[in-house]
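What follows is the residue order along each chain.
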Amino acid sequence: MVVYEFNFRKIEVRKNYQHLGLYLFANLAEHQAIYINYTAKIFPKDKKVSSHLMSRSNAFENKNGDWDNFGWHKFFDWKTMEDHYLDCGKLEMEVHVIINEMFGFPREELRNFWM
């Protein structure tokens, strides 16, 4: 399992039976919500196979103080990942998240990422 965490979100990639699973997580306080669009793209180890891309929209909300998550249980099958995408134990991927709306966040906790 690989986990990348920043601020209150994380991305998890794991084996689900014979499939690659990919999930986004958010740990929000009570009365907080984030509405997002996200796209995950996994790159092949060679140019014979195309990149694998999936997109979704979801709303992260507080779930009784627990992490809320969305993603794909079956991003693609594990054998395909090993044969065409895994390169010397490494998986190259991009995840793009667009935040459409946020509710319940104090203004001082928000960050502007535009330079």
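Look up: the structure comes first, before these words.
Only a predicted model underlies this, so the values are computations on that prediction, with no experimental measurement involved.

Engineer: I keep staring at the overall build of the protein and nothing clicks. Help me out?
Structural biologist: For the protein, the count of helices and strands is one helix and seven strands. Along the protein, helices and strands appear, N-terminal first, in the series β-β-β-β-β-β-α-β. Here the protein, with 115 residues, has 30% of them falling under the buried criterion. Long-range pairs, those at least 24 residues apart, make up 64% of the contacts in the protein between residues at least 6 apart in sequence. For the protein, the exposed surface amounts to about 8200 Å²; the carbon and sulfur share of it is 51%.

Engineer: It is not clear to me how unusual backbone geometry should be interpreted in this structure. Could you clarify?
Structural biologist: Of note in the backbone geometry, Tyr17 takes a positive phi value of approximately 55 degrees without being a glycine. Checked against the element boundaries, Tyr17 lands in the loop between β2 (9–16) and β3 (19–26). Of note, Cys88 is a non-glycine position whose phi angle comes to about 55 degrees, a positive value.

Engineer: Explain the environment of Arg14 to me, please; I cannot follow it from the model alone.
Structural biologist: Summarising the element assignment, Arg14 is placed in strand β2. Its relative accessible area of 31% is what places Arg14 among the partly exposed residues. In the structure, Arg14 is positioned 59 residues away from His73 in sequence and 9.1 Å away in space, judged by C-alpha atoms. In contact with Arg14, not counting residues within four places along its chain, are His19, Leu20, Gly21, Tyr23 and Trp78. A distance of 3.4 Å separates a polar atom in the side chain of Arg14 from a polar atom in the side chain of Asn16.

Engineer: Help me understand the sheet that holds strand β4 (residues 33–43), please; the structure alone is not making it clear to me.
Structural biologist: Two modes of strand pairing occur in sheets, parallel and antiparallel, and in both the strands are linked by backbone hydrogen bonds. Spatial strand order, β5-β4-β7: three strands in an open sheet with antiparallel pairing. The outermost strands of the open sheet, each flanked by one partner alone, are β5 (52–61) and β7 (92–103). Adjacent strand axes in the sheet meet at a mean angle of 15 degrees, parallel and antiparallel pairs treated alike.

Engineer: Can you help me understand the nonpolar core in this one?
Structural biologist: Generally speaking, nonpolar side chains in soluble globular proteins are found buried as a group. Leu20, Phe60, Phe75 and Phe76 are the most contacted members of the largest nonpolar core, which totals 20 residues. For this core, the secondary-structure elements that each account for two or more residues are β2, β3, β4, β6 (68–77) and α1 (78–85). At five residues, the largest contribution of residues to this core is made by β4. For Phe75, the contacting residues outside a window of four places in its chain are Leu20, Leu22, Ala40, Ile42, His52 and Met54.

Engineer: It is not clear to me how the side chain of Glu12 should be interpreted in this structure. Could you clarify?
Structural biologist: Take Glu12: it is sitting in strand β2. You can call Glu12 buried: its relative accessible area is 5%. Only 2.3 Å separates the side chain of Glu12 from the side chain of Arg14, close enough to count as a polar contact.

Engineer: Sorry if this is basic, but what is going on with the environment of Asn69 here?
Structural biologist: For Asn69, the location among the structural elements is in strand β6. Placed 59 residues apart in sequence, Asn69 and Lys10 show a C-alpha to C-alpha distance of 9.3 Å. If we skip the residues at most four places from it in the chain, Asn69 touches Tyr23, Leu24, Phe25 and Phe60.

Analysis parameters
- Residues numbered from 1 in each chain as written.
- Predicted model: local features only at pLDDT ≥ 70, side-chain atom pairs only at ≥ 80, totals over all residues.
- Heavy atoms only, no water.
- Helix = DSSP H or I, 4+ residues; strand = E, 2+ residues; numbered from the N terminus.
- Buried < 20%, exposed > 50% of the residue type's maximum accessible area, 1.4 Å probe, protein only.
- Contact = heavy atoms within 4.5 Å.
- Areas by Shrake-Rupley, 256 points an atom, 1.4 Å probe, with all protein chains shown as cover.
- Polar contact = N/O pair within 3.5 Å; in protein donor to acceptor, adjacent residues only side chain to side chain.
- Pairing = 2+ DSSP bridges.
- Axes fitted to C-alpha atoms, helices over the stretch in contact; angles between N-to-C directions.
- Core = buried A, V, L, I, M, F, W, Y, C linked by side-chain atoms within 4.5 Å.

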